[in-house]
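Breakdown of the fold
If you want the building blocks of each chain, they are given just below.
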Amino acid sequence: LISLKFNGKNKIKIWLTEPRNSIYQKIESFKISEKTQLSYKDERKNKIIYFDLKNVNNLNFKIKIKVILKNSKFKLSNGATNSTRNNKLINKYTKSEKFLEQTNEIKKLVKKITRRDKIILDKIITITKFLKKNFKYIYPVEKRGVKNLNLKKLKGDCGEVGALFVTMCRILKIPAVNKTGYVIYYDELNKIYEHGWTSVYLNNVGWLNIDPLAENIKKL
């Protein structure tokens, strides 16, 4: 339940991803209190539900999900290219690009901290732990792009740590992307904060959301 109160006339736009069946869960039912305005499927075949609510003073947005969780295990082999069977996906989401520059310095750092890891999942966990320990949250950021980061004194906002996480994964040929949206804290249900996180693709699993700054994030 999301409960928000407003003064005067307001227009609220909400985007939600409908939960999907997977090897870990079976969706028995999915209900939303508000009438769906529009839905479409993105390039990853996720169903996106869109709401455009006008003249809102008090919003009680209810979502009910009945899900059966499964105890499933997956295996990740040693080869980085086995993180997915889709070569096109690998080429698209492991390349160096603006703000995600795979510099020699970052490559050396990735090699150093993951040198003892044998499988992909271990490498992802190592990178996540490294950033949680060494990345200091600050806002605003002076200059965007991982090439502008001081690797010996890492600092920035959720967007910057996410960009570095994605870049480090891509260096290991693990498909990764940045994602943005909003977060609502359990102790502040009347406030919505902008936030950025990441998503990696694993073979036999699909896209997996990871927030490398979850424990360190400071509310603005």
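That block above? That's the structure.
So, here's what we can say about the structure. (Residues numbered from 1 in each chain as written. Predicted model: local features only at pLDDT ≥ 70, side-chain atom pairs only at ≥ 80, totals over all residues. Heavy atoms only, no water.)

**Some remarks on unusual backbone geometry**
The condition that has to hold: A run of H or I in DSSP counts as a helix once it spans at least four residues, and a run of E counts as a strand once it spans at least two, with each numbered from the N terminus. Only protein chains enter the area calculation, which uses a 1.4 Å probe; residues under 20% of their type maximum are buried, those over 50% are exposed, and those in between are partly exposed.
Each neighbour pair has its own omega, and for Y139 with P140 the value is 5°, a cis peptide bond. Structurally, P140 is set in the loop between β8 (136-137) and β9 (155-156). A positive phi angle, near 75°, is found at F99, a position not held by glycine. Residue position: F99 is located in the loop between α1 (87-93) and α2 (104-113). Judged by its relative accessible area of 39%, F99 falls in the partly exposed class. A positive phi angle, near 65°, is found at K173, a position not held by glycine. Assignment of secondary structure puts K173 in the loop between α4 (158-171) and β10 (176-185). For K173, a relative accessible area of 41% gives the class partly exposed.

**Focus: the nonpolar core**
The following threshold applies: Definition used in this section: a nonpolar core is a set of buried Ala, Val, Leu, Ile, Met, Phe, Trp, Tyr and Cys residues joined via side-chain atoms within 4.5 Å.
In terms of nonpolar packing, the biggest core is built from 31 residues, with I124, I127, L131, L164, F165, M168 and V200 touching the most fellow members. Among the elements of the structure, α2, α3 (120-134), α4 and β11 (188-202) are those that each provide at least two residues to this core. Counting residues per element, this core draws most heavily on α4, which supplies nine residues. Of all hydrophobic cores here, the second largest spans eight residues; its members include I12, I14, L16 and L53.

**Observations regarding α2**
The condition is simple: The arc in question is traced by the directions running from the helix axis to the C-beta atoms. Contact between two residues is taken to exist if any of their heavy atoms lie within 4.5 Å; hydrogens are not considered.
Listing the buried residues of α2 in full gives I106, L109, V110 and I113. Down the axis of α2, the sector holding all buried residues measures 100°, keeping them to one side. Those residues of α2 that are exposed and aimed more than 90 degrees away from the buried face are N104, K108, K111 and K112. Close packing links the buried residues of α2 with α3 and α4.

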